[in-house]
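# Analysis of the macromolecular model
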Amino acid sequence: MKRIKASIIGFGSVGQGVARVLLRKKEELSSMGLDITVVAVVDSKAAVIDQEGVDLAMVLERKGSEGIVGDERITGHDVIRNIEHDLVIETTPTNIDTGGVGLQNMLTAFSKKRHVVTSNKGPLALKYRELAALAERSGCAFRFEATVGGAMPLLSLIRDTLTGNDIISIEGIFNGTCNYILTRMMEEHATYELMLAEAQELGIAEKDPTYDVEGIDAACKLVILANAIFGMNATYKDVHVTGISRITPEALMLAEADNYVIKLIGEVSKNRIQVAPRLVPIDHPLAVGGTLNVASLQTDLAGPVVVVGRGAGSIETASAILSDIISIYKD
Ligand code: HSE
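Because the structure is a prediction, the values reported are computed rather than measured.

### A short note on empty space enclosed by the protein
In this structure the tally under the stated criterion is one cavity of 30 Å³ or more. Roughly 40 Å³ of internal volume is contained in the largest cavity. As for the largest cavity, its lining consists of Thr94, Ile96, Lys121, Glu206, Tyr211, Ile216, Asp217 and Cys220. Take the lining of the largest cavity: its biggest share by element is three residues, from helix 11 (residues 216-230). Broken down by class, the residue content of the lining of the largest cavity amounts to four nonpolar, one polar and three charged.

### A look at the packing of aromatic side chains
Across all of its chains, the model carries three aromatic pairs by this definition. Centroid distance phenylalanine 110 to phenylalanine 142: 5.2 Å. Interplanar angle 80°. Geometry classified as edge-to-face. In this pair, phenylalanine 110 sits in helix 5 (residues 100-111) while phenylalanine 142 sits in strand 6 (residues 142-143), placing the two residues 32 residues apart along the sequence. On the basis of relative accessible area, phenylalanine 110 is assigned to the buried category, the value being 0%. Note on phenylalanine 142: relative accessible area 11%, which makes it buried. With a centroid separation of 5.8 Å and an interplanar angle of 85°, the aromatic rings of tyrosine 128 and phenylalanine 144 are classed as edge-to-face. Of this pair, tyrosine 128 sits in helix 6 (residues 121-138) while phenylalanine 144 sits in the loop between strand 6 and helix 7 (155-161); the two residues are 16 residues apart in sequence, bridging distant segments of the chain. For the pair formed by tyrosine 128 and phenylalanine 144, the shared burial category is buried.

### Remarks on the environment of isoleucine 9
Among the structural elements, isoleucine 9 can be located in strand 1 (residues 2-9). Sequence separation between isoleucine 9 and isoleucine 244 is 235 residues; the distance between their C-alpha atoms is 33 Å. Among residues more than four places away in sequence, those in contact with isoleucine 9 are Val42, Gly76, Val79, Ile80, Val88, Ile89, Glu90, Thr91, Thr92 and Asn105.

### Things to note about the domain arrangement of the protein
Each domain of the protein was delimited in the assignment, giving domain 1 (2-151 + 314-330) and domain 2 (164-308). Of note, the centres of domain 1 and domain 2, computed from C-alpha atoms alone, are 27 Å apart. Contact with domain 1, which involves 13 residues of that partner, is made by 19 residues of domain 2. Both faces considered, domain 1 and domain 2 share a buried interface measuring about 1400 Å² in area, 63% of it formed by carbon and sulfur atoms. When the buried surface of domain 1 facing domain 2 is broken down by residue, Ile96, Lys121 and Val148 rank first, second and third, together holding 37% of it. Counting across the domain 1 and domain 2 interface gives two salt bridges. One salt bridge in this structure joins glutamate 206 and lysine 121, with 3.2 Å as the shortest N-O distance. Taken together, the residues that form the side of domain 1 that touches domain 2 break down as seven nonpolar, three polar and three charged.

Reading guide: rules and limits
- Residues numbered from 1 in each chain as written.
- Predicted model: local features only at pLDDT ≥ 70, side-chain atom pairs only at ≥ 80, totals over all residues.
- Heavy atoms only, no water.
- 1 Å grid on protein atoms, 1.4 Å probe; cavity = no way out; pocket = protein on both sides within 12 Å on 5 of 7 lines; lining within 4 Å.
- Points joined across faces, edges and corners; volume = space filled by probe spheres on them.
- Helix = DSSP H or I, 4+ residues; strand = E, 2+ residues; numbered from the N terminus.
- Nonpolar A, V, L, I, M, F, W, Y, C, P; charged D, E, K, R; others polar.
- Phe/Tyr/Trp six-rings, centres within 6.5 Å; stacked < 30°, edge-to-face > 60°.
- Buried < 20%, exposed > 50% of the residue type's maximum accessible area, 1.4 Å probe, protein only.
- Contact = heavy atoms within 4.5 Å.
- Domains from an automatic or database assignment.
- Buried area = accessible area lost by both parts, 1.4 Å probe.
- Salt bridge = Lys/Arg side-chain N within 4 Å of Asp/Glu carboxyl O.

Quick look at the structure:
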């Protein structure tokens with residue numbers, strides 16, 4: 001049995017999802033020869049540390065009842081620096097202006113030769129090159145499937161299943177909140193503001209929903225694809241972005257009358273990164289509804305490949321994190 005000592009840095013919806021999934025999949029992991037022992041869990045206020053393994057059920061319970069994971073007043077960064085472990089599960093919130101604490105956490109993790117699996121888009125949208133180079137120099141794995149499309153398997157699909165193909169372009173829906181708003185506005189003929197409030201209630205919108213509706217969140221995901229798949233050196237400021245805040249129920253109804261839907265479509269290829277609302281025929285593979293994400297890839301050998309999945313959600317995002325963890329240790 002391979003014993004992997006891990007930390008969970010950030011214990012909001014995604015971090016808690018990871019804890020739940022590790023508890024739920026303990027036996028399956030065991031049968032793969034993997035024992036993932038979480039030695040530290042950190043939220044924005046405190047930490048719980050135990051080299052023998054933190055009791056995840058108890059931490060979830062305490063977070064739920066008291067809003068805090070433990071009693072130790074120590075930051076995620078200190079845990080990464082000072083507590084001996086192999087793998088950092090970085091699930092702090094995205095900050096796309098500075099990269100936030102997540103950026104420092106990742107840089108420190110690599111400098112301490114710890115692998116990183118993350119759902120945090122900010123550091124990758126700003127400093128992908130630097131992070132990837134440091135990971136490589138340190139001999140560390142750096143996996144981030146959860147940053148693009150949540151549970152929708154895109155990066156691993158390209159890396160593993162489509163390996164050997166040239167990816168010519170990727171287009172699709174990369175923001176569940178916008179997709180939900182547009183789908184519901186069309187179904188209910190209701191206003192954008194009302195549907196945004198619904199999306200926020202579902203817990204899929206960013207803390208500042210402007211990032212969703214102005215297309216910035218989708219732009220960050222495209223930048224991650226541009227850098228990781230197309231070898232570009234882009235930041236989200238390089239993306240031409242138009243959001244959905246000016247789309248009216250009337251525009252959606254007019255589109256529907258002609259058998260079209262309006263979708264916020266992101267597109268990346270070697271010379272173009274763009275996010276904008278587009279008319280999509282109602283029976284087109286990109287016309288998926290609700291909170292779903294979709295990506296349509298053009299490849300040189302396999303031709304077109306389309307993948308659809310849940311782009312957000314606690315357990316769904318944790319699913320992508322789990323598969324990244326397993327892939328590191330299987331490799
Ligand atoms: N706010 C994002 C979305 C969450 O709606 O898709 C996942 O990145």
